[in-house]
Amino acid sequence: MIAAGSGGQGQRARVRILGIDPGLRTTGFGVIGREGSRLDYVTSGCIKSDASEGLPERLKSIYEGLAQIVREHGPAEVAVEKVFVNVNPQSTLLLGQARGAAICAAVMAGLPVYEYTPQQVKQSVVGKGSARKEQVQEMVKRLLALAGYPSTDAADALACAICHAHGAFGLGALPTRDLALRRGRLS
């Protein structure tokens, strides 16, 4: 945590959060700063792996790219989107491996990793767990006061970071461990 200001009681700590939207072809990343309820954009982008390379080299690209982002921007926490079960089991397996490379980059840097489902992220950012990608892009642009739209992968990663900053669904410190998400709502 990076302390804001120059000492004194009652000051809020500024925390940087790295959001990751894992993918084997394209892994989106986004770094935001949180100070109290205020969010600031730091950086975002995509790590692309070469489809002509083998799986180990592609996973290495994801790992090394995220490790570099961690070194350059010094996040204190990492939020990663959970894998959803795809129609194609092979695609799900490959996505899980890309996600594993992303998580390893955070864990090897000694950072805590928090996981959110796509529905949790969309609910937190858009207010609707079934929101479209364009809606996520629009809300990320608005919430972070961006001049333009980030790419869909970067927007998803920023949305994941925003979800974490809001405590998932904007519930702050409300414990959600024993609660389930059904149709975009906690139950």
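Residue numbers here run from 1 along each chain, matching the order of that chain's written sequence. Residue-level local features of this predicted model are given only where pLDDT is at least 70; pairs of side-chain atoms are given and counted only at 80 or more, and the full residue set underlies all totals for whole chains, interfaces and linings. As a rule here, side-chain values cover all heavy atoms of the structure and leave hydrogens and water aside.

Caption draft 1: The arrangement of the packing of aromatic side chains in detail. Each pair of aromatic rings taken from Phe, Tyr and Trp, with Trp reduced to its six-membered ring, is defined by centres within 6.5 Å and is described as stacked if the planes are under 30 degrees apart, edge-to-face if over 60, and tilted in the remaining cases. Under the definition given, this model contains zero aromatic pairs. Only when the NZ of Lys or the CZ of Arg is both within 6 Å of the ring centre and within 35 degrees of the ring normal is a charge said to sit over the ring. Seen from the ring of Tyr149, Lys141 lies directly overhead, with NZ or CZ sitting 4.7 Å from the centre.

Caption draft 2: Quick look at the pattern of salt bridges. For this document, the term salt bridge refers to a Lys or Arg side-chain nitrogen within 4 Å of an Asp or Glu carboxyl oxygen. One pass over the structure, following the stated rule, counts seven salt bridges. A salt bridge links Arg38 to Asp40, with the nearest nitrogen and oxygen atoms 3.2 Å apart. Only protein chains enter the accessibility calculation, which uses a 1.4 Å probe. A residue is then buried if its area is under 20% of the maximum for its type, exposed if over 50%, and partly exposed in between. Looking at Asp40, the relative accessible area reads 19%, which means it is buried. Notably, a salt bridge pairs Glu64 with Lys60, separated by 3.8 Å at the nearest N-O pair. One end of the pair is Glu64 and the other is Lys60, both in helix 1 (residues 55-73) and four residues apart, which spans about a single turn. A run of DSSP states H or I qualifies as a helix once it reaches four residues; a run of E qualifies as a strand once it reaches two. Both are numbered from the N-terminal end.

Caption draft 3: Main features of helix 5 (residues 152-165). With 14 residues, helix 5 extends 20 Å between its outermost C-alpha atoms, agreeing within 8% with the 20 Å of an ideal straight helix rising 1.5 Å per residue. Of all the residues in helix 5, the buried ones are Ala154, Ala155, Asp156, Ala157, Leu158, Ala159, Cys160, Ala161, Ile162, Cys163, His164 and Ala165. Helix span, expected: 1.5 Å multiplied by one less than the number of residues in the helix.

Caption draft 4: Representation of the nonpolar core within the structure. In this description, a nonpolar core means a group of buried Ala, Val, Leu, Ile, Met, Phe, Trp, Tyr and Cys residues linked to one another through side-chain atoms lying within 4.5 Å. In terms of nonpolar packing, the biggest core is built from 20 residues, with Leu18, Ile20, Phe29, Ile62, Leu66 and Val78 touching the most fellow members. Elements with a contribution of two residues or more to this core: strand 2 (13-21), strand 3 (26-35), helix 1, strand 5 (77-81) and helix 2 (89-108). With six residues, helix 2 is the single largest residue contributor to this core. Note on contacts: a residue pair qualifies if any of its non-hydrogen atoms lie within 4.5 Å across the two residues. Beyond its immediate stretch of four places on either side in the chain, Leu18 contacts Phe29, Gly30, Val31, Ile69, Val70, Pro75, Glu77, Val78, Ala79 and Ala161. Ile17, Ala79, Val140 and Ala165 belong to the second largest nonpolar core, which has 19 residues in total.

Caption draft 5: Geometry of the packing of helix 3 (residues 118-125) against helix 5. At a closest axis distance of 9 Å, the pairing of helix 3 and helix 5 adopts a crossing angle of 75°. For the element pair helix 3 / helix 5, the angle class is roughly perpendicular. For the pair formed by helix 3 and helix 5, the contact residues are Gln120, Val121, Ser124 and Val125 on the first element and Ala159, Cys160, Ile162 and Cys163 on the second. The residue makeup of the contact of helix 3 with helix 5, split by class, is six nonpolar, two polar and no charged. Each axis is a line fitted through C-alpha atoms, and for a helix only the stretch in contact is used; angles between axes span 0 to 180 degrees, taken between their N-to-C directions. Angle categories are assigned with fixed cut-offs, so that under 35 degrees is roughly parallel, over 145 is roughly antiparallel, 65 to 115 is roughly perpendicular, and the rest are oblique. For this scheme, ten residues count as nonpolar: Ala, Val, Leu, Ile, Met, Phe, Trp, Tyr, Cys and Pro. Four count as charged, namely Asp, Glu, Lys and Arg, and the remainder, Gly too, count as polar.

Caption draft 6: Summary view of the environment of Asp153. Locating Asp153 in the fold gives a position in helix 5. Residue classification places Asp153 among the partly exposed positions, given a relative accessible area of 21%. Between the C-alpha atoms of Asp153 and Ile47, which are 106 residues apart in sequence, the distance is 9.6 Å. The contacts of Asp153, once residues within four sequence positions are left out, are Asp21, Thr26, Gly28 and Cys46.

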